Amino acid sequence: MKNTALAIAAIIIAVCIGFGIPLASAKIQDNALLNGTESLDKAEATLGLNGRGSISLAQKFVLVGINDGIYSADLSEGKYMLASQAAEKAREYAEMLEQFGIRCVHLQSAEYIEEAPQPMLVVDDSGELPSIIVWSVTIYDENGSMTFTIDDETGTLLALTYYANDYTGWTEAQPVQPDIALLRDIADTFAALIGANINSVSPAENIRPYYTDYIFINAVFADGQEIGGESDDDKMSNALLLRICDKGYSFNHEMYG
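(A) Examining helix H5 (residues 57-65) more closely. With respect to burial, H5 is a largely interior element, eight of its nine residues being buried. Every buried residue belonging to H5 is among Leu57, Ala58, Lys60, Phe61, Val62, Leu63, Val64 and Gly65, and all of these are buried.

(B) Spotlight on the environment of Leu183. Note on placement: Leu183 falls in helix H7 (residues 180-193). Its relative accessible area of 11% is what places Leu183 among the buried residues. Taking the C-alpha atoms as reference, Leu183 lies 9.3 Å from Tyr214; in sequence the two are 31 residues apart. Setting aside residues no more than four positions away along its own chain, Leu183 makes contact with Pro178, Val201, Tyr214, Leu242 and Ile244.

(C) Here's a closer look at unusual backbone geometry. Even without being glycine, Asn252 reaches a positive phi, approximately 60°. Following the sequence through the fold, Asn252 ends up in the segment after strand E11 (248-251). Taking relative accessible area as the criterion, Asn252 reaches 0% and is therefore assigned buried.

(D) Focus on the nonpolar core. Counting residues in hydrophobic clusters, the biggest one holds 52 residues, and the most contacted among them are Ile132, Met146, Phe148, Ile150, Leu160, Phe221 and Ile227. Excluding anything up to four places from it in sequence, Leu160 contacts Leu97, Met146, Thr147, Phe148, Tyr249, Ser250, Phe251 and His253. Residues Tyr163, Tyr167, Tyr211 and Met255 belong to the second largest nonpolar core, which totals seven residues.

(E) Region of the structure containing the packing of helix H6 (residues 83-99) against H7. Where H6 meets H7, the closest approach of the two axes is 11 Å, and the angle between their N-to-C directions is 150°. When the axis of H6 is compared with that of H7, the two are roughly antiparallel. Handedness of the crossing formed by H6 with H7: right-handed. For the pair H6 and H7, the contacting residues are Tyr93, Met96 and Leu97 in the first and Ile186, Thr189, Phe190 and Leu193 in the second.

(F) Layout of the pattern of salt bridges. What the rule picks out here adds up to nine salt bridges. One salt bridge in this structure joins Arg91 and Glu88, with 2.9 Å as the shortest N-O distance. With Arg91 and Glu88 both in helix H6, this residue pair falls three residues apart, about one helical turn. Put simply, Arg91 and Glu114 hold a salt bridge, and the shortest N to O gap is 2.8 Å. Of this pair, Arg91 sits in helix H6 while Glu114 is found in strand E2 (residues 113-114), placing the two residues 23 residues apart along the sequence. In this structure Arg91 comes out as partly exposed when scored by relative accessible area, which is 24%. A single network of salt bridges, built from pairs that share partners, joins Lys60, Asp151 and Glu153.

Parameters and conventions
Residues numbered from 1 in each chain as written. Predicted model: local features only at pLDDT ≥ 70, side-chain atom pairs only at ≥ 80, totals over all residues. Heavy atoms only, no water. Buried < 20%, exposed > 50% of the residue type's maximum accessible area, 1.4 Å probe, protein only. Helix = DSSP H or I, 4+ residues; strand = E, 2+ residues; numbered from the N terminus. Contact = heavy atoms within 4.5 Å. Core = buried A, V, L, I, M, F, W, Y, C linked by side-chain atoms within 4.5 Å. Axes fitted to C-alpha atoms, helices over the stretch in contact; angles between N-to-C directions. Parallel < 35°, antiparallel > 145°, perpendicular 65-115°, else oblique. Left-handed = near helix turned anticlockwise from the far one by under 90°. Salt bridge = Lys/Arg side-chain N within 4 Å of Asp/Glu carboxyl O.

Right, dumping it as C-alpha cells:
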C-alpha cells in the first residue's frame, strides 16, 4: 500500500511538471517521496534528481540564476543535508565574506538571528534543466540580512543576497564601484572550493542608474563545462551575475525592486 501511494505521488509530480503546474500549488506530500527509498528512484527519474553527481554544478548555477521560468516548492527535508548542516554551511560562507571586509551579517553580533533553514525543490518549467533541491538560509544582525541558497547535494553556495535594513528597493538605491581586484579575490576563493576557474571579472555593458552589474566571464568547472558572461542565451547570461548598490548586493539571484 505504501509503495502504491508513493508511486501515485511520483505520477502526480510528473503530471504537474508536464503541465507547468507549480508544485507549491499542487501541495505534493514531499515527505512521502523523500522518505521512501524504493519509490524515490522512480520519482527522481521524473524530477531529474538522479543521484549524487548526476547533475553538474554548472547546470545548478544556471538553474538558480534564471529570473523567470522557474518555480520552487518548500520541502519538509533535504535529501543529502540536514538543516543543521545547511545552517553551518551558511555560517562558514558568512565568515569567509567577513574576512574580505565587505558588508555582511556578523555572526558575533549581539543581535544575530538565524532563521530555520528551508529545503526547497527548484524546477525549470521548460524542462530544459534538471530539478534540484537547495536550502535557503537567512541570517540577520542589527544592520541587515543575508540569504544563502545552498546546494543540498554538495553544500555549494549557488546564490546570495545581502540587504541593509534601510533597503527599500533598487530604484531608491545608488550604484557603487567596488574594487575589481577584491571581487576577483572573492571569486577565486569561492571558485577554488568547487574546483572551478574564473577567467575574468568585468562590468556588464548595461549601465543602470541604480546599481552596477558585474559578470564572471567564462567560469570553467572541473568537468569542463563553461558558463557565465554575455550570451544570447538568457539562461547562460544570467548565471553568475553580481549586482551591487549602496544598500545591498546579490549574486546569481535577482534583487527585489
